[in-house]
Amino acid sequence: SYTWGLGNMGQLGHSSLQYGDKELLPRRVVTLDGIFIKDVACGGVHTCALTQGGALYTWGGGQSGQLGLGPQTGLFSCVANDSQTFFRNIPVLVVPKGVQLVACGHSHTLISMSDGRIHGWGYNNYGQAANEKCTYAWYPSPVDWYVLVT
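A few points on the structure. These numbers come from a predicted model, not from an experiment.

1. Section: the side chain of T109
Along the polypeptide, T109 turns up in strand β9 (residues 108-113). At 2.9 Å, the side chain of T109 forms a polar contact with the side chain of H46. Of the polar contacts made by the side chain of T109, one reaches the backbone oxygen of Q66; its length is 2.8 Å. In contact with T109, not counting residues within four places along its chain, are H46, C48, Q66, V102, A103, C104, H119, G120 and W121.

Below, the structure is given as structure tokens:
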């Protein structure tokens, strides 16, 4: 996997940036060396990579839960003394197996599993990420389907 562009929220997956807050040339995501990536999806400030074996890695901004790692689990603040803005600048394994497809919205993530279930997490104010009625879905959770009868 290679990434480039603006990476001030860690969404490029490099542990450090060579050119300030931008990568002008494609650079390999070293953490994913030796892992065959079959699909990549990008949100507003986060990135997801799906492996051939069905594992999902995420990185970048996670302030709305879009990384699936919880509200503050092992994340680093990108602004001094700012507890509301978190990012992970290297990929981290979120779902170890069974993922078929991944899609990202601006601040949420959705996956389709091999059993046909859809899981979502992240910003959920309009119900776009999960089945719970909460503003943030911090962890992957199954999306419930409702059939409307008219």
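2. Points about the packing of aromatic side chains
What the rule picks out here adds up to 2 aromatic pairs. Among the aromatic residues, ring-to-ring pairing joins Y123, Y136 and W138 into one connected group.

3. Section: the state of the cysteines
Applying the stated criterion to the full structure yields 0 disulfides. A disulfide-free cysteine, C42 has its sulfur positioned 6.8 Å from the sulfur of C104, the nearest such atom.

Reading the values: the criteria
Residues numbered from 1 in each chain as written. Predicted model: local features only at pLDDT ≥ 70, side-chain atom pairs only at ≥ 80, totals over all residues. Heavy atoms only, no water. Helix = DSSP H or I, 4+ residues; strand = E, 2+ residues; numbered from the N terminus. Polar contact = N/O pair within 3.5 Å; in protein donor to acceptor, adjacent residues only side chain to side chain. Contact = heavy atoms within 4.5 Å. Phe/Tyr/Trp six-rings, centres within 6.5 Å; stacked < 30°, edge-to-face > 60°. Disulfide = S-S within 2.5 Å.

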